[in-house]
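One letter stands for each residue in the lines below.
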Amino acid sequence: MVFEGLAEKLQNTFKKLKGKGKLTEKDVTEAMREVKMALLEADVNFKVVKDFVNRVKERAVGGDVLESLTPGQQVVKIVNDELTALMGGTQSKMTFASKPPTIVMLVGLQGAGKTTTTGKLAGLLKKQGKRPLLIAGDIYRPAAIKQLQVVGSQVDVPVFTMGDKLSPIDIAKAGIEHGVKHGNDIILIDTAGRLHIDEQLMDELIGIKKTVKPHEILLVVDSMTGQDAVNVAEHFNEKLGIDGVILTKLDGDTRGGAALSVRSVTNKPIKFVGMGEKLTDLEPFYPDRMASRILGMGDVLSLIEKAQTTYDAKKAKELENKIKSQQFTFEDFLDQIEQMKNMGPISQILDMLPGAAGKQLKGLQVDDKEIAHIQAIIQSMTREERQNPSIINGSRRKRIAMGSGTNVQQVNRLLKQFEQTRKMMKQFADMSSNKKGSKFKM
Ligand code: GDP
């Protein structure tokens, strides 16, 4: 996942820091040197790194931090605050027109993911109860119009096109009229991209901007391109003026430098992030949650939101009751696996859990292949065995292994993991009903 290298380095640095009872200024300086290296290796803009480290150092050695009872944790908190601030502080939402339709221009270089993202955003807005319309304004790239029509139909949002013979300005104007007539309350214009920034492209975009007066211009940039993405953002912002950035491909093994630098270099917020190729893989960007994720404090809120969009509320309530009364069975487990699979690859989900919990589960090596084995094992159990695993003796274990094409060791392991999971879930359930005494520690 994004920030993997950075997260690991920072967490190691802070583990050392937290391990010390008392901190000196020298300890902080040494830790900040490591933070600086880690950020630079993650391809964060040099100047951004320098300012960041200075700010943290100033706050950490000033005040009462070093004298406090938990100096290490205080320093981590400062880093967390500053990382959050670096990415914009609070979530930047999209601007909607007070009198619909809201007009949004999506701009960006070719290959950044603009067309896909336009479809994703339309899908997200539709889920929020809006009535979007897409306008196909990229008349140069062969098949761009067709591609938009395909993503539009996948998210069930209409696409306005006039082919590739008219000027994008005329198409945009006609598209907006069409949207107004048909009661669309938000209109997304997909514009042309180029391989590189060129004047002609900018002029065309400026022309569209002047004509349609968009409420929001969103720039789509590819996070895999690192500092180039930041330069592109700076350039578009200077020439055209943008309102926000959508950072795509954050699911890949990008080092994350763009995500950490873009806001501070352009002073424009990241509003959404693309987390995969599927049309549901677009998420609002929350600086605080991203910072927690980097520092291994987990992103439990995003995980819960993700779960909420894929989970059936009634089932979730039933499950909660079962967990509390410890009636959670292998059948529920199987059900959970199915639902988890709907949420995406297991590794992505584990990445959102707080450091220790995520690592512990990762240690169990629950990868997607393993999940298939687990499913097969549970499916080879009788109903009675699923309800009451304690009856699964030696000969039953052998039978289950045979039936599922696994071996007895794998069956044993699953039975053990199931018991552990059951215990852990009970703890979580108890913890959430006893909010005051939260056991979560940094
Ligand atoms: P455009 O030229 O800017 O319109 O780019 P496209 O929308 O055609 O996207 C280029 C490629 O990037 C396609 O293969 C997309 O599936 C892929 N892509 C877009 N967004 C994401 C993302 O968030 N994650 C991943 N992994 N791939 C993405």
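Residues numbered from 1 in each chain as written. Predicted model: local features only at pLDDT ≥ 70, side-chain atom pairs only at ≥ 80, totals over all residues.

**Focus: the site of the ligand**
Working step 1: Taken together, 19 residues lie around the ligand, and Gly113, Lys114, Thr115, Thr116 and Gly274 are the ones closest in.
Working step 2: Across the shell around the ligand, the residue classes tally to two nonpolar, 12 polar and five charged. (Near = placed C-beta within 6 Å. Nonpolar A, V, L, I, M, F, W, Y, C, P; charged D, E, K, R; others polar.)

**Looking at the domain arrangement of the protein**
Working step 1: Domain parsing of the protein yields domain 1 (4–86), domain 2 (102–294) and domain 3 (300–437).
Working step 2: For domain 1 and domain 2, the distance between their C-alpha centres works out to 35 Å.
Working step 3: Going through the elements one at a time, α1 (4–19) and α4 (71–86) are the ones with two or more residues in the side of domain 1 that touches domain 2.
Working step 4: Ranked by the residues each element gives to the side of domain 1 that touches domain 2, the list is headed by α1, at five residues.
Working step 5: Of the residues belonging to the side of domain 1 that touches domain 2, the class tally is eight nonpolar, four polar and two charged. (Domains from an automatic or database assignment. Helix = DSSP H or I, 4+ residues; strand = E, 2+ residues; numbered from the N terminus.)

**What about the environment of aspartate 156?**
Working step 1: When you line up the elements, aspartate 156 lands in the loop between α6 (144–154) and β3 (159–160).
Working step 2: Sequence separation between aspartate 156 and aspartate 43 is 113 residues, and the spatial gap between their C-alpha atoms is 38 Å.

**Quick notes on helix α7 (residues 168–181)**
For an α-helix the count is 3.6 residues per turn, leaving residues at separations of three or four pointing the same way.
Working step 1: An ideal rise of 1.5 Å per residue puts 20 Å on 14 residues; α7 measures up with 20 Å between its terminal C-alpha atoms.
Working step 2: Considering only its buried residues, α7 is in contact with β1 (102–108), β2 (132–136), β3, β4 (186–190) and α8 (199–212).
Working step 3: Residue glycine 183 follows α7 closely and has a positive phi angle near 75 degrees. (Expected span 1.5 Å × (residues − 1). Contact = placed C-beta atoms within 7 Å.)

**Looking at the confidence of the model for the protein**
Working step 1: Taken as a whole, the protein shows an average pLDDT of 86; of its residues, 86% reach a score of 70 or greater.
Working step 2: Scoring the predicted complex yields pTM 0.73 and, for the interface, ipTM 0.99. (pLDDT = per-residue confidence, 0-100.)

**Some remarks on helix α17 (residues 368–379)**
Working step 1: For α17, which comprises 12 residues, the first-to-last C-alpha distance of 17 Å matches the rise-based estimate of 16 Å (1.5 Å per residue) to within 8%.
Working step 2: For α17, every residue scored as buried is listed here: Ile374, Ile377 and Ile378. In a view along the axis of α17, the buried residues occupy a sector of 95 degrees, so they form one face of it. Within α17, the exposed residues directed more than 90 degrees away from the buried face are Asp368, Lys369 and Ala372. (Buried ≥ 20, exposed ≤ 12 C-beta atoms within 10 Å, placed from the backbone. Arc of directions from axis to C-beta.)

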